[in-house]
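Descriptive analysis of the structure
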Amino acid sequence: MQSMELQNTVKEALNALYHHPDDAVRMQADRWLQDFQRTIDAWQVADNLLHDATSNPETLIFCSQTLRSKVQRDFEELPSEAFFQLRNSLNNLLKKFHKGPPIVRTQISIAVAALAVHVPAKDWGDGGIVNWLRDEMNSHPEFIPGFLELLTVLPEEAFNYKIAARPERRRHFEKELTAQMEIALNILTACLNISELKEQVLEAFASWLRLKHGIPGSVLATHPLVLTALSSLNSDILSEASVNVVSELIHYTASKSSGGISVQGPLIQVIVPQVMNLQAQLRDSSKDEEDVKAIARLFADMGDSYVELIATGSSEAMMIVNALLEVASHPEYDIASMTFNFWHSLQVILTKRNSDISFGDEASIEAERNQRLQVFRQSYESLVSLVSSRVQYPQAYQDLSYEDLREFKQTRYAVADVLTDAASVLGGDATLQILYMKLLEAISCCGNEHGEWRPAEAALFCIRAISSYVSVVETNVMPQVMDLLPKLPHQPQLLQTVCLIIGAFSKWLDAAPSGFSKLPLVIDILMSGMRTSEDSAAAAALAFRHICDDCRKKLCTYCKELFHIYYTAVNGEGSFKGSADDSLHLVEALSMVITELPPEPAKVALEELCASVITPLQAVINQGPEVFEKKHARELTVHIDRFAYIFRYVNHPEAVADSVHRLWPIFKAIFDLRAWDMRTMESLCRACKYAVRTSGRFMGTTIGAMLEEIQGLYQQHHQPCFLYLSSEVIKIFGSDPSCASYLKNMIEVLFKHTTSLLTSIKEFTTRPDIADDCFLLASRCIRYCPQLFIPSAVFPALIDCAMIGITVQHREASNSVLTFLSDIFDLAKSSKGEQYLSIRDSLIIPRGATITRILVAALTGALPNSRLETVAYALLALTRAYGMQALEWARESVSLIPLTVVKEVERSRFFQALSEAASGADVNTLILSVEELSDVCRRNRTVQEIVQGALKPLELNLVPVL
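The shown structure was predicted, so the numbers you read here are calculated from the model rather than taken from an experiment.

**As for the overall build of the protein**
In terms of helices and strands, the protein carries 50 helices and 0 strands. In terms of its C-alpha atoms, the protein occupies a principal-axis envelope of roughly 95 × 80 × 75 Å. Out of the 962 residues belonging to the protein, those deemed buried represent 55%. In the protein, 74% of the contacts between residues at least 6 apart in sequence involve partners at least 24 apart. Carbon and sulfur atoms form 52% of the exposed surface of the protein, whose accessible area is close to 41300 Å². Here the protein contributes 87 positively and 114 negatively charged side chains, and the mean placements of these two sets differ by 4 Å.

**So, the packing of helix α36 (residues 653-674) against helix α37 (residues 678-695)**
At their nearest, the axes of α36 and α37 sit 10 Å apart, and the two run at 160° to each other. Looking at the two axes, α36 sits roughly antiparallel to α37. In the packing of α36 onto α37, the handedness of the crossing is left-handed. Listed contacts from α37 to Pro653, Val656, Ala657, Val660, Phe667, Ile670, Phe671 and Arg674 of α36 are Thr680, Met681, Leu684, Cys685, Cys688, Ala691, Thr694 and Ser695. Considering only residue class, the contact of α36 with α37 consists of 12 nonpolar, 3 polar and 1 charged.

**A short note on unusual backbone geometry**
Of note, histidine 718 is a non-glycine position whose phi angle comes to about 55°, a positive value. Among the structural elements, histidine 718 can be located in the loop between α38 (701-717) and α39 (720-733). On the basis of relative accessibility, which here comes to 22%, the residue histidine 718 falls in the partly exposed class.

**Describing the UniProt feature "domain: Importin N-terminal" (unreviewed entry) in the protein**
The sites that carry the UniProt feature "domain: Importin N-terminal" (unreviewed entry) are, in the present numbering, residues 29-96. Helix makes up 78% of residues 29-96 and strand 0%, whereas the separation of the span's terminal C-alpha atoms amounts to 29 Å.

**Overview of the nonpolar core**
Ranked by size, the top nonpolar core spans 343 residues in total, and within it Phe299, Phe643, Phe647, Phe789 and Phe820 carry the most contacts. The dominant element in this core, judged by the number of residues it contributes, is helix α47 (residues 868-895), at 14 residues. Ignoring any residue separated from it by four or fewer positions in sequence, one finds phenylalanine 820 in contact with Phe775, Ala778, Ser779, Ile782, Phe789, Phe795, Leu798, Ile799 and Ala802.

**A look at the packing of aromatic side chains**
As enumerated under the stated definition, the model contains 27 aromatic pairs in all. Ring geometry for tyrosine 645 and tyrosine 649: centres 5.8 Å apart, planes at 45°, overall tilted. Taken together, the residues tyrosine 645 and tyrosine 649, both in helix α35 (residues 633-649) and 4 residues apart, mark about one turn of the helix. Note on tyrosine 645: relative accessible area 25%, which makes it partly exposed. When the centroid spacing of 5.3 Å and the interplanar angle of 50° are considered together, the rings of phenylalanine 775 and phenylalanine 820 count as tilted. Placement of the pair is phenylalanine 775 in helix α42 (residues 768-784) and phenylalanine 820 in helix α45 (residues 811-825), with a sequence separation of 45 residues. Each member of the pair, phenylalanine 775 as well as phenylalanine 820, is classed as buried.

**A few points about the pattern of salt bridges**
What the rule picks out here adds up to 52 salt bridges. We note a salt bridge from glutamate 381 to arginine 377, for which the minimum N-O separation is 3.8 Å. Here arginine 377 and glutamate 381 lie together in helix α21 (residues 362-388), a separation of 4 residues that amounts to about one turn. Accessibility expressed as a relative area gives 32% for glutamate 381, which makes it partly exposed. A relative accessible area of 22% means that arginine 377 is categorised as partly exposed. A salt bridge links arginine 780 to glutamate 728; its shortest N-O distance comes to 4.0 Å. In this pair, arginine 780 sits in helix α42 while glutamate 728 sits in helix α39, placing the two residues 52 residues apart along the sequence. A cluster of three or more residues bridged by salt bridges with shared partners is formed by Arg545, Asp549, Arg552, Lys553, Glu588 and Glu596.

**What to know about the environment of isoleucine 844**
In this structure, isoleucine 844 sits in helix α46 (residues 837-862). According to the relative accessible area criterion, isoleucine 844 is buried, its value standing at 0%. Along the sequence, isoleucine 844 and valine 587 sit 257 residues apart, while their C-alpha atoms lie 49 Å from each other. Discounting chain neighbours no more than four positions away, the residues touching isoleucine 844 are Ile799, Ile824, Phe825, Ile851, Leu878 and Tyr882.

**Some details on helix α2 (residues 23-37)**
End to end, α2 covers 21 Å across 15 residues, agreeing with the expected 21 Å (1.5 Å per residue, within 8%). Buried within α2 are the following residues: Ala29, Leu33 and Phe36. Summarising the axial view, the buried residues of α2 lie within an arc of 60°, below the 170-degree limit, and thus occupy one face. Exposed residues pointing more than 90 degrees away from the buried face of α2 are listed as Met27 and Gln28.

**Some words on a negative patch on the surface**
Residues Asp288, Glu289, Glu332, Asp334, Asp404 and Glu407 make up a contiguous surface patch of negative charge. Here aspartate 404 is to be found in helix α22 (residues 402-426). Residue class for aspartate 404 comes out partly exposed when judged on its relative accessible area of 39%.

**Concerning helix α20 (residues 340-351)**
If you check α20, its first and last C-alpha atoms are 17 Å apart, about what 12 residues at 1.5 Å a residue would give, namely 16 Å. Turning to α20, its buried residues number three or more, namely Phe340, Phe342, Trp343, Leu346, Gln347, Ile349, Leu350 and Thr351.

**Let's talk about the side chain of arginine 552**
Mapped onto the secondary structure, arginine 552 falls in helix α30 (residues 552-555). Filtering out sequence-adjacent residues up to four positions away, arginine 552 remains in contact with Ile547, Met592, Val593, Thr595 and Glu596.

**Focus on the packing of helix α40 (residues 740-757) against helix α44 (residues 794-805)**
Close contact between α40 and α44 brings their axes to 10 Å; oriented N to C, the two are set at 35°. Our pair here, α40 against α44, has a crossing hand that is left-handed. Between α40, through Ile747, Glu748, Phe751, Lys752 and Thr755, and α44, the contact on the second element is made entirely by Val794, Ala797, Leu798 and Cys801. Of the residues that constitute the contact of α40 with α44, the class distribution is 6 nonpolar, 1 polar and 2 charged.

**Quick word on the environment of alanine 917**
Here alanine 917 shows up in helix α48 (residues 904-918). A relative accessible area of 1% places alanine 917 in the buried class. Those residues in contact with alanine 917 that sit more than four places away from it in its chain are Leu876, Arg880 and Leu926.

**Some details on the state of the cysteines**
In total, this model carries 0 disulfides according to the counting rule given. No disulfide involves cysteine 548; its sulfur sits 8.0 Å from the nearest other cysteine sulfur, which is in cysteine 551. The thiol sulfur of cysteine 785 is not disulfide-bonded, and the nearest other cysteine sulfur, from cysteine 781, lies at 4.2 Å.

**Considerations on the side chain of arginine 412**
Following the sequence through the fold, arginine 412 ends up in helix α22. For arginine 412, the side chain forms a polar contact with the side chain of glutamate 457, separated by 2.7 Å. Apart from the residues lying within four places of it in its own chain, the contact partners of arginine 412 are Val391, Tyr393, Glu457, Phe461 and Thr497.

Here is what the cut-offs are and how they apply
Residues numbered from 1 in each chain as written. Predicted model: local features only at pLDDT ≥ 70, side-chain atom pairs only at ≥ 80, totals over all residues. Heavy atoms only, no water. Helix = DSSP H or I, 4+ residues; strand = E, 2+ residues; numbered from the N terminus. Buried < 20%, exposed > 50% of the residue type's maximum accessible area, 1.4 Å probe, protein only. Contact = heavy atoms within 4.5 Å. Areas by Shrake-Rupley, 256 points an atom, 1.4 Å probe, with all protein chains shown as cover. Lys, Arg positive; Asp, Glu negative; His and termini not counted. Charge placed at Lys NZ, Arg CZ, Asp CG, Glu CD. Axes fitted to C-alpha atoms, helices over the stretch in contact; angles between N-to-C directions. Parallel < 35°, antiparallel > 145°, perpendicular 65-115°, else oblique. Left-handed = near helix turned anticlockwise from the far one by under 90°. Nonpolar A, V, L, I, M, F, W, Y, C, P; charged D, E, K, R; others polar. UniProt positions renumbered as here; feature names shortened; annotations may be inferred. Core = buried A, V, L, I, M, F, W, Y, C linked by side-chain atoms within 4.5 Å. Phe/Tyr/Trp six-rings, centres within 6.5 Å; stacked < 30°, edge-to-face > 60°. Salt bridge = Lys/Arg side-chain N within 4 Å of Asp/Glu carboxyl O. Expected span 1.5 Å × (residues − 1). Arc of directions from axis to C-beta. Patch = residues over 30% accessible without salt bridge, like charges linked within 9 Å, V, L, I, M, F, W, Y side chains within 5 Å. Disulfide = S-S within 2.5 Å. Polar contact = N/O pair within 3.5 Å; in protein donor to acceptor, adjacent residues only side chain to side chain.

What follows is the structure in structure tokens.
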């Protein structure tokens, strides 16, 4: 009776979900149905409704998905004897829906396949599920289409990690399928006689090939399924299934598990000629585009799989290369780009110097390499010409949607990568020559006011892409390119690319004989770029930064002119179209030139640069506290960020320290008046961090005032950036005895206050940035000033705090906590830390069992899978530090998990790997074992809840039940 009521409720909920006009009701119905799917009643209700002849399509789809999901995730809910009843029911459903609806049949097929993953082959009878399936097909030939779909999904489910099977069982299932492959292929071969099933048979064959082992290539070379697929390639209507089969065969021949190319010669010799016969169809304009795409895919698969054979440069290999060039020439980018990975892989093989050549000395190896490069030279020259046209802006580029514009940019980046591959083979100067001819052709289009700028922009984009491959002293082409740039129209997109190319060739401007003489010309272009559009201004600022970086020694005598450019752009004297972030490139540029000046001129230049930044800040402060506090953060950070760049890139420690000392009253005023404002504080702390990093011990008394300021403000405003600024101070001054007193005070104040904030996992979750920066600072203290930190009163409290925060979900915060604990466990590794081992042991040993339990909980579900390596290292460091005692802690922790969840053999495997890794064995073995334990404990929601309920990672004082 209760089951009938539930069935009716499910129907009503589905009706509401699909047909009720009220969104709130539909959402409520959706939530109820999701909750229902997780109940144990869902098994019977879904099964009943699927067998019910009155169920509508919506009910059938929902119930088939529910049953599939239950088999995949919750099979362990059922008693062991339920298998036969469930298998028979699913088999009846497969027969019932053998003609559709297709989505229902697919879900039932996946459910049966998932059942096979869970249940060993012996329970299916002699020979496992494939034999069982063969017998069913022989007994009920009318249901073959439904059974064929099951045969198709079976190998796919071997790699489906939604199925809550143990890793060991998953491996056994793959072995069972491999052992049954011959039977599966015999079934499929027999089904070839039913012509209307040919496509379905070939799809199933492709699926079985993905297992990539089990059949010798010599057998496949003459197998009816292979011959059918290959012959289908030549039919008037290209068979998608046959293309899938041939694609999988190509991958199969190259896979390690099949023995690889060296043993798959017979099969390769059958495949390659058949695919090569399709080359003419690439040019056939009457061919459907999807067919051309499928053929191109086969050529790309051959290129990717057989690239090492192709790299030998044999005549047969060059036929494949020419076919791939033909694919690359296709007007549709989606088709042409299929070959891009091949050109990269081939380039890597051709250019690597440690090629496995089995003869001769280094000279003959180099000669062989050069000979190979020569063989492919013409192919890569053709490739450059083919792909360079693909980066041209479309005619109506202004009308492109955001998505289309993003796709166009991705196309340009992909083509740029292909060009760098070509430059690696041809050499940058030779590639430049090809692209320069394209540029000359394109410039002829720019001849009048309404000229076409797009081809020239495309050619320049390509030249920029290979800039790092062109010799910095190239004399034939680059001087001519630079002379052409000022003659181009100032169309915004073209000007942006011109500015970028100037920046890309900054090393050439510095090193080439005629390079520096071109500088006035290119600076004029950059100034135009700064005034034309936002994009061109950003490109011009970046280019200016590159020039000042690479030509800094030569530019030292032009400081006055550089300051003029800076004032024009940054201080609003000109019409700079760039953003505040773009202006930082100009600050960085000037700072790098100042670095090359002698000390006295550098000090003067630095003062001038700082004055230009401080003046607007001082003006705001002078308006009084009330006005200053109401200013938007961006009005302040735009100036403060410039100080960060100055202090970072002006490498004159004493001069920077003097500047900071002079500026400190203003910085202090900002600290005092805006300590509540996170953005302003982050900006100011960043500036102070770089000042400390550059100036080091020249900071003198300023550092004391700075630390006093931030530790006072931290207690009121809890800004995380105060902690990361303190980290930088610890790194620079931690080992300085003269700073010990105020550093010890700072450490105690900051950590005492932080541990009073982070008293529960909820607080860690609410304040992840504070947790992250706190434990980064703590790790720095262990590294740079253990003598101040480890004996301090805050050290035990910080360990307790870390234990609370291990399972915080915020990635950076969690990593910082775990790294801090690992640093404590690894204390014996550092010469400074050895003397504090007794203090460490007195704190860790009483907490060891709890720390281990929380780490095991983190491995088994309390933290995401992506953190496994970090957690595993912390557990390993603990085990290396405490040996057998730590192994006992681990044993106690894992024993809390019921044996129904983690079997004894799985526990033993984990302990063995942990013990071996602690003794110095390969850590990767431990990681594999940890992943397996994690997989077992996360296999479904119920198991995960049992594991976390047993380990209780949030309880720090768990008393074990004896």
